[in-house]
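Residue-level structural notes
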Amino acid sequence: MSALRPLVLLGSATLLLAGCADPSEPAGATTGTSSGTSTAAAPIAKNAALAAKVPAALRTNGIKVASDVSYPPMDFFASDNKTVVGAEADLDKALGTVLGVKVTIVNVPFDSILPGLQSGKYQLGVSSFTDTAEREKVVDFVTYFDAGTSLLVPAKNPKALKPGGDSLCGRAVAVAKGSTQALVDLPARAKTCKTPIKVSTFPDGTGVNLAVTSGRADAALADSPVAAYAAKQSGGKLEVTGDSYGNAPFGIAVPKNSELTALLKSALEDLKASGGYQQVLAKWGLQSGALDKFEINAAS
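Residues numbered from 1 in each chain as written. Predicted model: local features only at pLDDT ≥ 70, side-chain atom pairs only at ≥ 80, totals over all residues. Heavy atoms only, no water.

1. Side note on the packing of helix 8 (residues 260–274) against helix 9 (residues 276–283)
- For the pair helix 8 and helix 9, interaxial distance at closest approach is 4 Å and the crossing angle is 80°. Here helix 8 lies roughly perpendicular to helix 9, going by the angle between them. Residues Leu271, Lys272 and Ser274 of helix 8 touch helix 9, and the partners they reach there are Gly276, Tyr277 and Gln278.
- Broken down by class, the residue content of the contact of helix 8 with helix 9 amounts to two nonpolar, three polar and one charged. (Axes fitted to C-alpha atoms, helices over the stretch in contact; angles between N-to-C directions. Helix = DSSP H or I, 4+ residues; strand = E, 2+ residues; numbered from the N terminus. Parallel < 35°, antiparallel > 145°, perpendicular 65-115°, else oblique. Contact = heavy atoms within 4.5 Å. Nonpolar A, V, L, I, M, F, W, Y, C, P; charged D, E, K, R; others polar.)

In structure tokens:
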């Protein structure tokens, strides 16, 4: 948020997630990609040199990844309402494979993830966090995906809303609590509005989408891959209007000065070299957000 299960086990890592259904496929798909076209699994494997650098306590106990599991196609529950699926979940799992460590994804409200990292409750936060200078004051980031903000509206855009300009002034706009859209985007827009924007804040992406489909909000602002997926899954009730804007990288949130930060960057580079990174994004139709290089604290 301004928000990338188990696959067949890859390498030697054991990846623990809630539920036992096979989450290797997007919801409703019968093959290895969201488009229904089968593709070969990427050759993801343990990197022994990187695995040896994982702190001993984490090799024993595994890594807890905090994620708001309400943000398809990045993180969401499968039809069993237990198994976590999505692009970021697949990426979490792949990184665990490379580092030779089990990964457990914990469902956490978005605005509670960073405090949980600071307190030591979780080792990583992977939940479509836009890497911002403000957030870098409390955590470090390792970038992995590029996304912008999109405007989600009812089908046929009855109020002719636009992503830019003053189109949203005086309108009810839904956003996720703690998101960049809520904390940065709408406050900046409000400064130029003669009629205030009526901001409706929800704890998760599900609430944001329902606000628009139910008519409680005129529109929603969300990360571009999430808005596109919501429109696709809405049965024609929602659509994305205009182009996305404000593109910036998502980052894996890590406690300040953690030994994992540099390791994650190296693990992502290993995934990219093997083709595993591209495989995860292609499975969910997110190739356009692939990064050419991964950075630590890119905002600063």
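2. Here we look at helix 9
- Here helix 9 has its buried residues at Gly276, Tyr277, Val280, Leu281 and Lys283. Axial view of helix 9: buried residues confined to an arc of 160°, hence all on one face.
- If you follow the buried residues of helix 9, they end up packed against helix 3 (87–99), strand 6 (139–154) and helix 8. (Buried < 20%, exposed > 50% of the residue type's maximum accessible area, 1.4 Å probe, protein only. Arc of directions from axis to C-beta.)

3. Thoughts on the packing of aromatic side chains
- Under the counting rule described, the total for this entry stands at seven aromatic pairs.
- Aromatic side chains Phe76 and Tyr229 sit 5.8 Å apart centroid to centroid with 45° between the ring planes, which places their arrangement in the tilted category. Within this pair, whereas Phe76 is found in strand 2 (residues 76–77), its partner Tyr229 is found in helix 7 (residues 224–233), the two being separated by 153 residues in sequence.
- Among the residues examined, Phe76 registers a relative accessible area of 9% and is labelled buried.
- Ring centres of Phe76 and Trp284 lie 6.0 Å apart, and the angle between their planes is 85°; on these two criteria the pair is classed as edge-to-face. Pair noted here: Phe76 is in strand 2 and Trp284 is in the segment after helix 9, with a separation of 208 residues, a long-range link. In this structure, Phe76 and Trp284 share a single accessibility class: buried.
- An aromatic cluster of at least three residues, connected via ring pairs, comprises Phe76, Tyr229 and Trp284. (Phe/Tyr/Trp six-rings, centres within 6.5 Å; stacked < 30°, edge-to-face > 60°.)

4. Remarks on the nonpolar core
- One finds Ile252 and Leu264 to be the most contacted residues of the largest nonpolar core, which totals 61 residues.
- Per-element tally for this core: the top contributor is helix 3, with seven residues.
- Residues contacting Ile252, with those up to four places away along its chain left out, are Leu95, Leu124, Gly125, Val126, Asp140, Phe141, Val142, Tyr144, Leu264 and Leu268.
- Counting 13 residues, the second largest nonpolar core, distinct from the first, contains Leu151, Val153, Ile197 and Ala219. (Core = buried A, V, L, I, M, F, W, Y, C linked by side-chain atoms within 4.5 Å.)

5. Structural notes on the packing of helix 3 against helix 9
- As a packed pair, helix 3 and helix 9 sit with axes 9 Å apart at the nearest point and diverge in direction by 160°. With respect to each other, helix 3 and helix 9 are oriented roughly antiparallel. With respect to the hand of their crossing, helix 3 and helix 9 are arranged in right-handed fashion. Here Ala87, Asp90 and Leu91 of helix 3 come into contact with helix 9, specifically with Tyr277, Val280 and Lys283.
- Of the residues in the contact of helix 3 with helix 9, the class split is four nonpolar, no polar and two charged. (Left-handed = near helix turned anticlockwise from the far one by under 90°.)

6. Re unusual backbone geometry
- Residues Pro72 and Pro73 are joined by a peptide bond in cis, for which omega reads 10°.
- In this structure, Pro73 sits in the loop between strand 1 (63–67) and strand 2.
- Even without glycine at this site, Asn81 takes up a positive phi of about 60°.
- By the element assignment, Asn81 lies in the loop between strand 2 and strand 3 (84–85).
- Positive phi, normally seen in glycine, also occurs at Asn257, with a value near 60°.

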